[in-house]
Amino acid sequence: MAENLNVFRSTQVIIEEALTKLGYSQAMIELLKEPIRVLTVRIPVRMDDDSVKIFTGYRAQHNDAVGPTKGGVRFHPDVTEDEVKALSIWMSLKCGIVDLPYGGGKGGIICDPRQMSFRELERLSRGYVRAISQIVGPTKDIPAPDVMTNSQIMAWMMDEYSRIREFDAPNFITGKPIVLGGSHGRETATAKGVTIVIDQALKTRGISIKDAKVVIQGFGNAGSYLAKFMHEAGAKVCGISDVHGALYDPDGLDVEYLLDRRDSFGTVTKLFSNTISNKELLEQECDILVPAAIENQITSENAERIKAGIVVEAANGPTTLEATRILTERGVLIVPDVLASAGGVVVSYFEWVQNNQGYYWPEEEVHQRLKEVMEKGFENVYNVHITRKVDMRLAAYMVGVRKMAEAARYRGWV
Ligand code: NAD
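Our subject in this report is the structure included herewith. (Residues numbered from 1 in each chain as written. Predicted model: local features only at pLDDT ≥ 70, side-chain atom pairs only at ≥ 80, totals over all residues. Heavy atoms only, no water.)

Brief notes about the sheet that holds strand β2 (residues 52–61)
Backbone-to-backbone hydrogen bonds pair the strands of a sheet. The strands run either parallel or antiparallel.
Working step 1: Sheet architecture is open: five strands sit in the order β1-β2-β4-β3-β5, paired in mixed fashion. Every other strand in the sheet has two partners, leaving β1 (37–46) and β5 (141–145) as the edge strands with one partner each. Taken pair by pair, the neighbouring strands of this sheet meet at an average axis angle of 25°, ignoring direction.
Working step 2: Pairing of β1 with β2, which is carried by 10 bridges, proceeds in the antiparallel orientation. Each residue of the ladder has a partner; that of Ile43, found in β2, is Phe55.
Working step 3: Lying over the sheet, helix α3 (residues 81–97) contacts β1, β2, β3 (69–76) and β4 (103–110), oriented at roughly 150° with respect to β4. (Pairing = 2+ DSSP bridges. Helix = DSSP H or I, 4+ residues; strand = E, 2+ residues; numbered from the N terminus. Axes fitted to C-alpha atoms, helices over the stretch in contact; angles between N-to-C directions. Contact = heavy atoms within 4.5 Å.)

Next up, the structure:
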């Protein structure tokens, strides 16, 4: 039978397994296996050549038993409804694992920002907010950046929402520029969080970060900052990649040079002639492999050949269920996406708290709080992994889903 590469279906399988292990009813499984709300919108945008193009967008809200839903908006040509639904469930799990007062949400627009002008992107961003404005808001559902969206796009979206509501609403969206109420440390938060859990994972194996060899797939927001932080912590960054190819050197790459030369879409390898493929990169010698690009990169096809002892998923959904089983059987420690990449939503939460308070924290305070939250999240998941004898992904789902299920139970929904 062909391996299941539909991330939504795979997520449902583990949600069901986690809730069953925790002893919840079939009704709870039915409730939490699907988002409570998915809106599909059509967005007409006037293009620079005066033609009108109609874009399709989605907003999925997984569950709001714990509190408002929260999650990014992705601009990508391959966005699908199933992907957005899976991503909204992962956001719920992340919020549960790091104990934030949110459920998960996610949005996406089928588009290619690389082919659009600055003003076309502005019109698309504003059009999307108008289309979803009924179901979002600071106490309903709070968007944020994701793949190929950034602080400028968040600023336009915040401005559009504020105009619709006729009051200033910085707490409508996170990932904003600092001058509009963004938080210090938000841009680097995902990578900082990954760095913190890598440190924790290495400790379980008795390896010092200074002796660690790291390979990172993807050199965008998550991958490039991670390379920077790992390099600064004294680890050897032996491999990196982007959509065009990969670089690998067992003696370590010149991280500062690569960071300096990368473009705003996270590409840099085109400048080199000695590249290998992304596929080859994943199988190179290293202690820690960090997929930080796209889904379904470690599958039943290559899981046997992964040499890393620790796989830390900065990307969402990079490892299939079958590959998780193979890696776990081989003794590889997987730090799953719903835990590893939760740093972004943690600092997004801090941003929302600061907006609600109208009082802003220094960067050091953000980092310190992020460290505490991520370490606690790792400990909780790792303890369930050891005590319940389940793999790290199932352990993370068990920790992540419990708060949601309890909130739904107390509300009398199930
Ligand atoms: P990004 O768009 O900034 O960078 C993506 C990187 O992956 C780029 O280097 C790109 O060239 C590379 N890439 C794209 N397609 C590829 C392919 N087919 N093969 C190999 N490389 C490819 O995105 P990002 O924000 O760094 O996000 C990367 C992953 O991390 C995504 O799965 C995202 O959902 C996840 N993530 C990001 C954040 C965040 O705050 N940035 C938070 C949580 C999870």
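Notes on the sheet that holds strand β7 (residues 236–242)
Working step 1: Across the sheet, six strands lie side by side as β8-β7-β6-β9-β10-β11; this open sheet has mixed pairing. The open sheet has two free edges, formed respectively by β8 (245–248) and β11 (333–335), since each of these has just one partner strand. Neighbour to neighbour, the strand axes of the sheet diverge by 15° on average, direction disregarded.
Working step 2: Strand direction decides the pairing type here: strand β10 (residues 310–312) and β11, joined by three bridges, are parallel. Within the sheet, the bridge partner assigned to Val312 lies in β11 and is Val335.
Working step 3: With respect to the sheet, helix α6 (residues 189–204) is in contact with β9 (288–291), β10 and β11, its orientation differing from that of β10 by roughly 160°.

Some thoughts on the site of the ligand
Working step 1: As a structural note, the neighbourhood of the ligand is formed by 24 residues, with Thr190, Phe219, Ala222, Gly266 and Asn316 the closest of them.
Working step 2: At 2.9 Å from an oxygen atom of the ligand is found a main-chain nitrogen or oxygen belonging to Asn221.
Working step 3: Considering the ligand on its own, with 820 Å² of exposed area, one finds that the protein chains cover 84% of that surface.
Working step 4: The class makeup of the residues in the shell around the ligand is 10 nonpolar, 10 polar and four charged. (Near = heavy atom within 4 Å. Polar contact = N/O pair within 3.5 Å; in protein donor to acceptor, adjacent residues only side chain to side chain. Areas by Shrake-Rupley, 256 points an atom, 1.4 Å probe, with all protein chains shown as cover. Nonpolar A, V, L, I, M, F, W, Y, C, P; charged D, E, K, R; others polar.)

As for the nonpolar core
Working step 1: Judged by nonpolar contacts, the single largest core of 87 residues is most densely connected at Ile288, Val290 and Val312.
Working step 2: Looking at which element gives the most residues to this core, the answer is helix α14 (residues 392–410), with 12 residues.
Working step 3: Looking at this core, you find at least three residues from each of domain 1 (35–169) and domain 2 (189–340).
Working step 4: Each residue touching Val290, except ones within four places of it in the same chain, is listed here: Val194, Ile198, Val214, Val215, Ile216, Gln217, Leu226, Val312 and Ala314.
Working step 5: In this structure, Ile43, Met47, Val136 and Trp156 belong to the second largest nonpolar core, which totals 26 residues. (Core = buried A, V, L, I, M, F, W, Y, C linked by side-chain atoms within 4.5 Å. Buried < 20%, exposed > 50% of the residue type's maximum accessible area, 1.4 Å probe, protein only. Domains from an automatic or database assignment.)

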